[in-house]
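# Notes for the structure review
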Amino acid sequence: MRTLVHLSDLHFGRVDAGLLAPLRELIHNIAPDVLVVSGDLTQRARSEEFEQARAFLDTLPGPQIVVPGNHDISLYNVFRRFAKPLDRYKRYITDDLDPVFVDGEIAVVGVNTARSLTIKDGRVNREQVGRIRERLAGLDPRITRIVVTHHPFDLPETFEQRDLVNRAPMAMEVFAECGVDVLLAGHMHVSHAASTAMRYQIDAYAALVVQAGTATSTRGRGETNSFNVLRVDHERVEVDRYGWDVLSGVYRIVVTEKFVRSGSVWAPAAEGMLAAGL
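The structure contained in this document is the topic of the report that follows.

## Considerations on the packing of helix α5 (residues 126-136) against helix α6 (residues 168-178)
Contact geometry of α5 with α6 gives a least axis separation of 10 Å together with a crossing angle of 10°. As the angle between them shows, α5 and α6 are arranged roughly parallel. Along the contact surface, α5 presents Arg-126, Val-129, Ile-132, Arg-133 and Leu-136, while α6 presents Met-170, Ala-171, Val-174, Phe-175, Glu-177 and Cys-178.

Have a look at this one:
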C-alpha cells in the first residue's frame with residue numbers, strides 16, 4: 001500500500017498563514033510516499049508569491065509531484081502571459097511540466113492543463129495524452145496508475161460541463177486504453193471523490209476521480225480548508241478528507257471514502273463489492 005498526500009490551490013498571496021505550520025506538521029506525521037500538489041500555488045503568479053510557495057514546499061517531504069494551475073500564469077501582464085506564461089513557475093517551482101514518479105506499486109504522472117488563452121479554463125491536448133500513454137506502457141499491470149492535473153475530468157452534477165478540462169472525453173478514451181486508475185485535480189475549491197462511470201460511458205472502464213479543496217487559501221468558496229490523503233492498494237483506495245477545525249486549530253478527518261476495483265471499473269466500496277458478487 002502507498003500513501004499520497006494531495007494538496008491543491010495553495011494560492012500564496014491569499015494564504016491563511018495560521019494554517020501553514022499545522023499542515024506541515026501533519027503531513028510529516030502522515031509520512032506520505034508521494035506528495036501531490038495539483039496547481040494554483042500562487043494567487044497572481046508574482047515572484048514573491050512563487051518564492052513563498054517554494055519555501056513552503058521545501059519544508060515538506062518528497063518525492064513531490066507538482067503541476068501548475070491557471071493562477072500560476074500572469075493575469076495582468078499581457079506580455080508575460082502570452083510570451084512567458086509559466087516562466088516564473090519554472091524558475092521557482094520546477095521546469096518539469098510533466099513530472100513522473102514510478103515505483104513498484106504506483107505510477108504518478110503530472111500533466112499541465114493551464115493555458116494562456118483562457119482566464120480560468122484548462123485543456124489537455126493529444127500530444128500530452130500520448131506522452132501519458134507512452135509513460136504507462138509496459139508497466140506491470142498491478143501498478144496503480146494515477147494522473148494529476150489542475151483542472152478536473154469529473155465533478156458533481158451541480159457543476160457545469162464547462163468546469164471540466166477541455167477535451168476530457170478524448171483523454172478519457174486513452175486513459176481507458178492504458179488503464180489509468182485515479183485522477184487527481186483541484187481548481188474548484190471543492191472536495192469530491194467518485195467513479196467516472198456516470199459521466200463517461202466507456203465499456204468496462206471507470207476511473208476514480210478525487211478532487212481536492214483549497215488547503216491554505218482564504219478563498220474557500222463555502223468549504224473549509226481541506227486536503228486529501230489517499231491510501232492506495234491495487235484493488236482498493238481509501239480517501240481521507242482532512243478539514244480545518246477552527247475551534248481546535250487543527251486539521252481533522254472529516255470523512256473517509258472507500259473505493260474498490262472490479263476489473264477496470266472503480267466504484268464506491270459497497271457498489272463495487274456488489275458488482276463483484278462479494
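## Things to note about helix α1 (residues 20-30)
Taken as a whole, α1 has its buried residues at Leu-20, Leu-23, Leu-26, Ile-27 and Ile-30. All buried residues of α1 project into a common sector of 135° when viewed along the axis, lining one side. Residues Glu-25 and Asn-29 are exposed on α1 and point more than 90 degrees away from its buried face. As for α1, its buried residues are in contact with β1 (2-7), α2 (47-57), β10 (226-232), β11 (236-245) and β12 (250-262). Among the residues trailing α1, Ala-31 stands out with phi positive, at a value near 55°.

## Examining the sheet that holds β12
For sheets, the rule is that strands pair by backbone hydrogen bonds, running either parallel or antiparallel. Overall, mixed pairing links the seven strands, which are arranged β3-β2-β1-β10-β11-β12-β13 in an open sheet. Each end of this open sheet is capped by a strand with a single partner; those strands are β3 (64-67) and β13 (265-268). Each strand axis lies, on average, 25° off the axis of its neighbour in the sheet, ignoring direction. The sheet contact formed by β11 and β12 spans ten bridges and is antiparallel. Bridge pairing in β12 links Asp-245 to Val-250. Along the sheet face, α1 touches β1, β10, β11 and β12 and points at about 165° away from the line of β1.

## Considering the packing of aromatic side chains
Aromatic ring pairs are defined here through the distance separating the ring centres and the angle between the ring planes. Here the structure, examined in full by the defined rule, presents seven aromatic pairs. Residues Phe-227 and Tyr-251 carry aromatic rings whose centres are separated by 5.4 Å and whose planes lie at 70° to one another, so their mutual orientation is edge-to-face. One end of the pair, Phe-227, is in strand β10; the other, Tyr-251, is in strand β12, with 24 residues separating them in the sequence. When its relative accessible area of 0% is taken as the criterion, Phe-227 is described as buried. Judged by relative accessible area, which is 8%, Tyr-251 ranks as buried.

Rules and cut-offs
Numbering of residues starts from 1 in each chain and follows the order in which that chain's sequence is written. This being a predicted model, a pLDDT of at least 70 is required before a residue's local features are given, and a value of 80 or more before pairs of side-chain atoms are given or counted; all residues contribute to the totals for chains, interfaces and linings. As a rule here, side-chain values come from all non-hydrogen atoms in the structure, and water together with hydrogens is ignored. The axes are straight lines fitted to the C-alpha atoms, using for helices just the contacting stretch, and the angles between their N-to-C directions are given from 0 to 180°. Strands are runs of DSSP state E lasting at least 2 residues, helices are runs of H or I lasting at least 4, and numbering of each runs from the N terminus. In this scheme, roughly parallel covers angles under 35 degrees and roughly antiparallel covers those over 145, while 65 to 115 is roughly perpendicular and the rest are oblique. Residue contacts follow a heavy-atom distance rule, with two residues in contact if any of their heavy atoms lie within 4.5 Å. Only protein chains enter the accessibility calculation, which uses a 1.4 Å probe. A residue is then buried if its area is under 20% of the maximum for its type, exposed if over 50%, and partly exposed in between. Picture the helix axis, draw a direction to every C-beta atom, and the arc is the one those directions span. Here a strand pair is declared whenever DSSP counts at least two bridges between the two strands. Aromatic pairing here means that ring centres of Phe, Tyr or Trp (its six-membered ring) are within 6.5 Å. Orientation follows from the plane angle: under 30 degrees is stacked, over 60 is edge-to-face, and everything else is tilted.

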